[in-house]
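# Examination of the molecular architecture
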Amino acid sequence: MLFNLKINNIIKSVSKHVNASLFVDDFAIYAEGKHLQHLERTIQLCINNVQKWVSENGFRFSVSKTTCVHFHRQRIYTEPALHLDGQPIPVKGEAKFLGVVFDSKLNFSSHVKYLKKKCLKALNLLRVVGHTDWGADRATLLKLYRTLVRYKLDYGSVIYGFAKKKTHSEGPGSYTSPGPSYCPRGLQNVTY
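Residues numbered from 1 in each chain as written. Predicted model: local features only at pLDDT ≥ 70, side-chain atom pairs only at ≥ 80, totals over all residues. Heavy atoms only, no water.

An unreviewed UniProt entry annotates the protein as RNA-directed DNA polymerase from mobile element jockey originating from Plakobranchus ocellatus.

Pairing analysis gives five bridges linking strand β1 (residues 19-23) to strand β2 (residues 26-30), with the strands arranged antiparallel. By the bridge assignment for β2, leucine 22 is matched with phenylalanine 27. If you look at the hairpin formed by β1 and β2, you'll find two residues sitting between the two strands, and valine 24 has a positive phi there, around 55°. (Pairing = 2+ DSSP bridges. Helix = DSSP H or I, 4+ residues; strand = E, 2+ residues; numbered from the N terminus.)

Apart from glycine, the bulk of residues carry a negative phi angle, and the bulk of peptide bonds sit in the trans form. Positive phi, close to 55°, is recorded for leucine 98, a residue that is not glycine. Of the residues examined, leucine 98 reaches a relative accessible area of 29% and is grouped as partly exposed. At leucine 106, a residue that is not glycine, the phi angle is positive and equals roughly 55°. Residue position: leucine 106 is located in the loop between β8 (100-103) and α3 (109-129). On the basis of relative accessibility, which here comes to 42%, the residue leucine 106 falls in the partly exposed class. (Buried < 20%, exposed > 50% of the residue type's maximum accessible area, 1.4 Å probe, protein only.)

Inspection of the entire model under this criterion finds one salt bridge. The salt bridge partner of aspartate 154 is arginine 150, with a shortest N-O separation of 3.5 Å. Highlighted residues: aspartate 154 and arginine 150, both in helix α4 (residues 138-154), separated by four residues, approximately one helical turn. Assessed through its relative accessible area of 27%, arginine 150 is described here as partly exposed. (Salt bridge = Lys/Arg side-chain N within 4 Å of Asp/Glu carboxyl O.)

Another point: the environment of glutamine 44. Note that glutamine 44 resides in helix α2 (residues 36-56). Accessibility expressed as a relative area gives 16% for glutamine 44, which makes it buried. Distance from glutamine 44 to alanine 81, taken between C-alpha atoms, is 8.8 Å for residues 37 residues apart in sequence. Setting aside residues up to four positions removed in sequence, glutamine 44 forms contacts with Ala81, Leu82 and His83. A distance of 2.7 Å separates a polar atom in the side chain of glutamine 44 from the backbone nitrogen of histidine 83. (Contact = heavy atoms within 4.5 Å. Polar contact = N/O pair within 3.5 Å; in protein donor to acceptor, adjacent residues only side chain to side chain.)

Where α3 contacts α4, the two axes come as close as 9 Å, and the packing angle between them is 175°. Relative to α4, the element α3 lies roughly antiparallel. Only Leu141, Leu144, Tyr145, Leu148, Val149, Lys152 and Leu153 of α4 make contact with α3, whose side of the interface consists of Leu115, Lys118, Cys119, Ala122, Leu123, Leu125, Leu126 and Val129. Residues of the contact of α3 with α4, tallied by class, amount to 13 nonpolar, no polar and two charged. (Axes fitted to C-alpha atoms, helices over the stretch in contact; angles between N-to-C directions. Parallel < 35°, antiparallel > 145°, perpendicular 65-115°, else oblique. Nonpolar A, V, L, I, M, F, W, Y, C, P; charged D, E, K, R; others polar.)

Before going further, it helps to examine the packing of aromatic side chains. Each aromatic ring pair is characterised by the separation of its centres together with the angle its planes make. Scanning the model with the defined rule gives three aromatic pairs in all. For the ring pair tryptophan 53 and phenylalanine 59, a centre distance of 5.7 Å and an interplane angle of 10° mean the geometry is stacked. (Phe/Tyr/Trp six-rings, centres within 6.5 Å; stacked < 30°, edge-to-face > 60°.)

Since the α-helix advances by 3.6 residues per turn, residues separated by three or four positions end up pointing in the same direction. Where α4 bends most, at arginine 146, the angle is about 40°. Taken together, the buried residues of α4 touch α3 and α5 (157-160). In the segment just after α4, glycine 156 is the residue with positive phi, at about 80°. (Bend = angle between axes of the 7 residues up to and from the residue.)

Written as structure tokens, this is what we have:
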């Protein structure tokens, strides 16, 4: 509780032209603009201010967990060069923030693939539990589906729901779309 009260003040150290998101110990800063050099300088100054606040208040950043993602639409581009505590921040094509994978093109294909992998495990479990000879009843299967699969799809859907239709066709729904052969007994023809 005291940690949360203290860490909330980190937002005050963020420059006015930079946005920040904080949830418990997950912290992100971001800025938008057309000129990379200006953005790079603005974000570096903000990183320096935040690093100073962190040092003064007894916290520290994990440099190994810190990443930079350059969101862009250009085919030819240069990556920003940012530093934290004198060490370069690696620029990656994607990063996970609060359970959602953001990729540099913001098409969320990496997040949908991640979701598909997680949901397939749960759907396979439902197939076993919903076996026709000895499986669970419809109400139990529906509760398990909502508990094991549906919440994963709902979480972050406000963000990744705007992805291209091609991205959605690669996702978890494409696993269940072929029909009853993939749908556990009892969940066929069920409206949510």
